[in-house]
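Notes for the structure review
Below are the chains, spelled out letter by letter.
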Amino acid sequence: MDLMVADNKFLNVGLLLLATVIVAKLISALLMSRSRKSLPPIVKTLPLIGGLLRFMKGPIVMLREEFPKLGSVFTIGLLNKKVTFLIGPEVSAHFFKAPEADLSQQEVYQFNVPTFGPGVVFDVDYTIRQEQFRFFTEALRVNKLKSYVDQMVAETEEYFLKWGDSGEVDLKYELEHLTILTASRCLLGREVREKLFDDVSALFHDLDNGMLPISVIFPYLPIPAHRRRDRARKRLAEIFSTIIASRKLTGKSEDDMLQCFIDSKYKNGRSTTESEVTGLLIAALFAGQHTSSITSIWTGAYLLKNEKYLSAVVDEQKRVMEKHGSKLDHDILSEMDILYRCIKEALRLHPPLILLMRSSHSDFTVRTREGKDYDIPKGHIVATSPAFANRLPYIYQDPDKYDPDRFAPGREEDKVAGAFSYISFGGGRHGCLGEPFAYLQIKAIWSHLLRNFELELVSPFPEIDWNAMVVGVKGNVMVRYKRRKLSI
Ligand code: HEM
């Protein structure tokens with residue numbers, strides 16, 4: 001009996017030991033697999049400057065070469081930094097949704113600080129920046145947009161009055177110019193538009209020319225373009241400070257973004273300073289002016305090249321006019337679904353902001369659509385590319401084709417593939433706040449042109465100017481116009 005008890009004891013101890021060893025093995029295997037990071041594949045380049053050389057050839061060229069070889073997640077060394085690309089909705093959700101503490105914009109967009117000026121956007125910490133973006137949101141609410149649209153329409157009508165009965169124009173020049181005029185009116189305000197337009201445009205021109213590819217790496221390099229930028233920024237601050245002081249003195253309020261920023265208040269009750277108002281206006285102009293004018297040019301080029309869509313948008317204008325007469329306002333523009341899809345498709349093919357970036361402050365993991373997990377370590381710069389991701393063939397059928405119907409009910413290719421499939425306006429936490437403004441502006445221009453002119457593209461279909469900071473159209477876009485005798 002005693003022997004049997006002793007045997008059982010030995011057996012129990014043996015089993016316990018075996019179980020302990022198995023559990024220990026399992027835990028260690030689990031820990032091992034956790035700690036063995038699966039880093040993204042690396043783009044093969046020459047040491048040190050290889051990545052930079054690849055990048056300077058153009059990020060899209062690099063993406064076109066590497067995506068088929070390495071897939072949707074890969075890293076390239078850029079001088080002392082590692083840039084990890086996340087291409088496609090499956091792997092870029094975290095990019096768009098992550099809190100600022102995990103993925104931040106401040107470091108990567110720091111080069112804007114000398115242009116926008118001190119105390120705004122990327123020069124301030126995230127809590128203040130969030131409040132300043134709230135000022136943007138409020139300045140772009142529907143009730144405000146309604147009054148901006150009236151000004152857009154007035155500017156557009158006035159602008160095209162100066163065209164003759166027929167002639168040939170560079171559509172690129174015309175639409176760039178009209179966009180500056182409209183932006184001046186709606187954003188910078190009546191005083192600038194009516195009295196100071198030439199001075200202020202020249203100063204913005206200097207600000208623009210002070211933002212070069214080299215400025216991204218060395219924003220304070222003492223080169224003539226940067227010195228002109230700094231002088232222009234200072235002079236703009238003086239001009240706006242006079243305008244703001246005069247508005248405050250007379251108590252006169254206007255329907256423009258300038259007024260919204262003057263009236264904005266931080267949560268602690270503090271009003272915006274004159275310098276902050278100037279900085280926020282510059283930021284708005286930089287965010288919205290080139291992006292919108294470029295998109296209106298591409299929209300025109302595609303419409304004039306595609307008879308099917310040109311007649312579809314003209315017919316839509318006829319229908320809208322039958323219902324509302326020649327009037328154009330916010331609500332009427334919002335009814336133009338076909339024109340909307342034509343603009344959206346031009347913007348899918350040609351997003352002016354081709355790279356979006358963040359700086360990563362914590363490790364994170366992404367899963368590709370093939371089910372492979374990659375660990376992205378903190379310290380990496382993380383990037384995605386609207387120009388590349390908007391043409392992924394598993395999301396967009398025949399992706400290089402101009403096909404606005406892909407967004408029509410029944411197809412809605414961008415929705416079928418889920419969030420972050422269409423990223424011309426970014427998305428998630430930092431999605432564009434000016435998207436409705438941009439569509440209204442482009443629609444106001446094209447409604448007017450389609451209703452009043454017959455247009456024909458006479459130069460070859462434009463090429464992409466990859467060298468610009470905001471990627472647009474290369475060369476002239478020559479168009480022959482004839483004023484319609486009768487309304488459409
Ligand atoms: C076709 C025209 C436009 C395009 C393609 C465009 C594109 C974009 C993109 C891609 C972003 C996200 C950047 C990122 O994630 O790093 C963005 C953000 C932003 N855009 Fe636009 N934009 C346009 C027009 C405008 C206009 C007209 C305004 C204002 C008047 C504006 C104001 C802003 C602001 C304030 C942000 C920052 C939002 C944030 O970080 O929370 N944009 N835009």
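Computed from a predicted structure; not experimentally measured. Going along each chain's sequence as written, the residues are numbered from 1 onward. Only residues with pLDDT of 70 or above have their local features reported here, since the model is predicted, and side-chain atom pairs are shown and tallied only from 80 upward, although totals for entire chains, interfaces and linings are computed over all residues. For side-chain calculations, the full set of non-hydrogen atoms in the structure is used, while hydrogens and water are omitted.

1. Structural notes on the confidence of the model for the protein chain
A score between 0 and 100, pLDDT records how confident the predictor is in each residue. In the predicted model, the protein chain carries a mean pLDDT of 92, and the fraction of residues at 70 or more is 93%. We call two residues in contact when some of their heavy atoms are within 4.5 Å. Throughout residues 1–6 the model reports pLDDT below 50, and contacts reaching past four residues in sequence, or to other chains, amount to zero contacts. For the stretch residues 23–35, pLDDT sits under 50, and the model shows zero contacts to residues farther than four places along the chain or on other chains.

2. Thoughts on the environment of Pro 460
Only DSSP runs of H or I with at least four residues qualify as helices, and only runs of E with at least two residues qualify as strands; both kinds are numbered from the N terminus onward. One can find Pro 460 in the loop between strand E9 (453–457) and strand E10 (463–465). Sequence separation between Pro 460 and Ala 301 is 159 residues; the distance between their C-alpha atoms is 9.6 Å.

3. Some details on the state of the cysteines
The criterion for a disulfide is a pair of cysteine sulfur atoms lying within 2.5 Å. Applying the stated criterion across every chain yields a total of zero disulfides. With no disulfide of its own, Cys 186 lies 11 Å from the sulfur of Cys 260, the closest cysteine sulfur. With a 1.4 Å probe rolled over the protein chains alone, any residue whose accessible area is under 20% of its type maximum counts as buried; one over 50% counts as exposed, and the rest are partly exposed. Assessed through its relative accessible area of 0%, Cys 186 is described here as buried.

4. Here we look at the pattern of salt bridges
A pair is scored as a salt bridge if a Lys or Arg side-chain nitrogen falls within 4 Å of a carboxyl oxygen belonging to Asp or Glu. If you walk through the whole model with that rule in mind, you get 38 salt bridges. In this structure, Lys 252 and Glu 254 form a salt bridge, with 3.5 Å as the shortest nitrogen-oxygen distance. Residue classification places Glu 254 among the buried residues on the basis of a relative accessible area of 17%. In this structure, the salt-bridge partner of Arg 391 is Asp 400, at a minimum N-O distance of 3.0 Å.

5. Re the nonpolar core
Residues belong to a common nonpolar core when they are buried Ala, Val, Leu, Ile, Met, Phe, Trp, Tyr or Cys residues joined through side-chain atoms within 4.5 Å. Counting residues in hydrophobic clusters, the biggest one holds 137 residues, and the most contacted among them are Phe 85, Tyr 148, Met 257 and Trp 446. Among the elements that make up this core, the one with the highest residue count is helix H14 (residues 274–305) (14 residues). Leaving out residues up to four positions away in the same chain, Met 257 has contacts with Phe 136, Ala 139, Leu 140, Tyr 148, Cys 186, Leu 187, Leu 281 and Ala 284.

6. Some remarks on the coordination of the iron atom of the ligand
Atoms of type N, O and S within 2.8 Å of a metal are treated as its donors, and for Na, K and Ca the window is 3.2 Å; water is not considered, so some sites may appear to be missing partners. Of all protein atoms, Cys 432 (SG) alone acts as a donor to the iron atom of the ligand, lying 2.3 Å away. Here Cys 432 lies in the loop between helix H19 (413–416) and helix H20 (435–452).

7. Some points on the packing of H14 against helix H17 (residues 337–349)
To get an axis, a line is fitted to the C-alpha atoms, and for a helix only the part in contact is used. The angle between two axes follows their N-to-C directions and goes from 0 to 180 degrees. In contact at an axis separation of 9 Å, H14 and H17 are set at 110 degrees when each is read in the N-to-C sense. By the angle between their axes, H14 is roughly perpendicular relative to H17. Listed contacts from H17 to Thr 295, Trp 298, Thr 299, Tyr 302 and Leu 303 of H14 are Leu 339, Cys 342, Ile 343, Ala 346, Leu 347 and Leu 349. Angles below 35 degrees are treated as roughly parallel, those above 145 as roughly antiparallel, those between 65 and 115 as roughly perpendicular, and all remaining angles as oblique.

8. Quick notes on helix H15 (residues 307–324)
Helix length check: H15, at 18 residues, gives a terminal C-alpha distance of 25 Å against a target of 26 Å (1.5 Å per residue), a fit within 8%. Every buried residue belonging to H15 is among Tyr 309, Leu 310, Val 313, Val 314, Glu 316, Gln 317, Val 320 and Met 321, and all of these are buried. Down the axis of H15, the smallest arc covering the buried residues is 155 degrees, so these residues share one side. Those residues of H15 that are exposed and angled more than 90 degrees off the buried face are Glu 307, Lys 308, Glu 322 and Lys 323. Once H15 ends, the next one or two residues include Gly 325, with phi positive near 70 degrees. The length a helix should cover is 1.5 Å for every residue beyond the first. Summarising the geometry, the arc corresponds to the directions from the helix axis toward the C-beta atoms.

9. With respect to helix H10 (residues 197–209)
Compared with the 18 Å implied by 1.5 Å per residue over 13 residues, the 18 Å span of H10 between its first and last C-alpha is a close match. Every buried residue of H10 is listed here: Phe 197, Val 200, Leu 203, Phe 204 and Leu 207. Here the buried residues of H10 occupy an arc of 135 degrees about the axis, which is enough to place them on one side. At its buried positions, H10 is contacted by helix H5 (113–116), helix H8 (171–188), helix H9 (190–195), helix H12 (224–250) and H14.

10. Focus on the packing of H17 against H20
For any two helices packed against each other, one specifies the crossing angle of their axes together with the interaxial distance. Contact geometry of H17 with H20 gives a least axis separation of 10 Å together with a crossing angle of 115 degrees. Taken as a pair, H17 and H20 cross one another with a handedness that is right-handed. Here Leu 339, Tyr 340, Ile 343, Lys 344 and Leu 347 of H17 come into contact with H20, specifically with Tyr 439, Ile 442, Lys 443, Trp 446 and Ser 447. Classifying every residue of the contact of H17 with H20 gives seven nonpolar, one polar and two charged. When the near helix sits turned anticlockwise from the far one by under a right angle, the crossing is termed left-handed; a clockwise turn instead gives a right-handed crossing. Under the scheme applied here, ten amino acids are nonpolar (Ala, Val, Leu, Ile, Met, Phe, Trp, Tyr, Cys and Pro), four are charged (Asp, Glu, Lys and Arg), and all others, including Gly, are polar.

11. Side note on the packing of aromatic side chains
Only Phe, Tyr and Trp rings are paired, with Trp represented by its six-membered ring, and only when their centres lie within 6.5 Å; those with planes under 30 degrees apart are stacked, over 60 edge-to-face, the remainder tilted. A complete count under the given rule lists 26 aromatic pairs for this structure. Ring centres of Phe 95 and Phe 96 lie 5.0 Å apart, and the angle between their planes is 75 degrees; on these two criteria the pair is classed as edge-to-face. Of the residues examined, Phe 95 reaches a relative accessible area of 2% and is grouped as buried. Plain terms: the ring middles of Phe 135 and Tyr 266 are 5.1 Å apart, the flat faces sit at 70 degrees to each other, and that makes the pair edge-to-face. Remark: Tyr 266 occurs in the loop between helix H13 (257–263) and H14 and Phe 135 occurs in helix H6 (residues 126–139); sequence separation between them is 131 residues. For the pair formed by Phe 135 and Tyr 266, the shared burial category is buried. A connected cluster of aromatic rings, assembled from ring pairs, spans Tyr 159, Phe 160, Trp 163, Phe 453 and Tyr 481. Both a distance and an angle decide whether a charge sits over a ring: NZ of Lys or CZ of Arg must be within 6 Å of the ring centre and within 35 degrees of the ring normal. Positioned above the aromatic ring of Phe 461 is the side chain of Lys 305, whose terminal nitrogen or guanidinium carbon lies 4.7 Å from the ring centre.

12. Comments concerning the side chain of Glu 100
Among the structural elements, Glu 100 can be located in the loop between helix H4 (89–97) and strand E3 (103–104). With a relative accessible area of 8%, Glu 100 lands in the buried category. Counting of polar contacts relies on pairs of N or O atoms within 3.5 Å, with two restrictions inside protein: one atom must be capable of donating a hydrogen and the other of accepting it, and residues adjacent in sequence are counted only when both atoms are side-chain atoms. A polar atom in the side chain of Glu 100 sits 3.3 Å from the side chain of His 430.

13. Considering unusual backbone geometry
At Leu 79, a position not held by glycine, the phi torsion is positive, near 50 degrees. Structurally, Leu 79 can be placed in the loop between strand E1 (73–78) and strand E2 (81–86). Classification of Leu 79 by relative accessible area gives partly exposed; the value is 49%. For Phe 420, which is not a glycine, the phi torsion comes out positive at approximately 65 degrees. With respect to the helices and strands, Phe 420 occurs in the loop between H19 and H20. On the basis of relative accessible area, Phe 420 is assigned to the buried category, the value being 16%.

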